[in-house]
Amino acid sequence: KVKIETIVKEARGALLKTLIEGIAEIDGINIGIIGKKLHHGGDRLWFVCPICGKAVGYVYRHPVKPLIGCRLCLNLDYRSRKYKGMLEGSILVKQ
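Definitions and cut-offs
Residues numbered from 1 in each chain as written. Predicted model: local features only at pLDDT ≥ 70, side-chain atom pairs only at ≥ 80, totals over all residues. Heavy atoms only, no water. Pairing = 2+ DSSP bridges. Helix = DSSP H or I, 4+ residues; strand = E, 2+ residues; numbered from the N terminus. Core = buried A, V, L, I, M, F, W, Y, C linked by side-chain atoms within 4.5 Å. Buried < 20%, exposed > 50% of the residue type's maximum accessible area, 1.4 Å probe, protein only. Contact = heavy atoms within 4.5 Å. Salt bridge = Lys/Arg side-chain N within 4 Å of Asp/Glu carboxyl O. Patch = residues over 30% accessible without salt bridge, like charges linked within 9 Å, V, L, I, M, F, W, Y side chains within 5 Å. Areas by Shrake-Rupley, 256 points an atom, 1.4 Å probe, with all protein chains shown as cover. pLDDT = per-residue confidence, 0-100.

Here we come to the sheet that holds strand 1 (residues 22-26). Taken together, the four strands give an open sheet; going across it, the order is 1-2-3-4, and neighbouring strands pair in antiparallel fashion. Edge strands, defined here as strands with exactly one partner in the open sheet, are strand 1 and strand 4 (55-56). The pairing of strand 3 (residues 43-48) with strand 4 spans two bridges and is antiparallel. Note that in strand 4 the partner of Val48 across the bridge is Ala55.

Set out below in structure tokens:
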């Protein structure tokens, strides 16, 4: 027994992968896009960092320089980690 929905789903997935996988242009810089199989089934699309070549979920614009890359290459940190402990430290000092 084969459902038409199953065939359509497979065809959409293959077409989407063919259309999207390739190159995206962001601020005049070509960023590669690749697809990888997930171990539990399905596919996931990833950007290829133009600096280090790793597959990443997000690419960022450098805040000062005209660069695009992953968080590690641009030496960016999470905002929450930057201020972590400041409030807790001030509460402990007052007590």
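Among the nonpolar cores identified, the biggest contains six residues, and these are Ile31, Cys49, Val56, Val59, Ile68 and Cys70. Apart from the residues within four sequence positions on either side, Val59 is in contact with Ile26, Ile31, Phe47, Ile68 and Gly69.

Our focus in this paragraph is the pairing of strand 1. Pairing between strand 1 and strand 2 (residues 29-37): five bridges, direction antiparallel. Considered in strand 2, the bridge of Ala24 is made with Ile31. Where strand 1 folds back on strand 2, the antiparallel hairpin that results is connected by two residues, among which Asp27 adopts a positive phi of roughly 55°.

Now for the pattern of salt bridges. Tallied over the full model, the rule gives one salt bridge. Residue Arg61 is joined to Asp27 by a salt bridge in which the shortest nitrogen-to-oxygen separation is 2.5 Å. Of this pair, Arg61 sits in strand 5 (residues 60-61) while Asp27 sits in the loop between strand 1 and strand 2, and the two are 34 residues apart along the sequence. Judged by relative accessible area, Arg61 falls into the exposed class, the value being 54%. Among the residues examined, Asp27 registers a relative accessible area of 53% and is labelled exposed.

A cluster of nonpolar residues, Ile4, Ile7 and Val8, forms a patch on the protein surface that exposes about 260 Å² of accessible area. On the basis of relative accessible area, Ile7 is assigned to the partly exposed category, the value being 42%.

To continue, consider the confidence of the model for the protein. For the protein, per-residue confidence averages 77 on the pLDDT scale, and residues scoring 70 or more make up 75% of the total. Summarising per-element confidence for the protein, the mean pLDDT is lowest in helix 3 (residues 86-94) (50) and highest in strand 4 (92).

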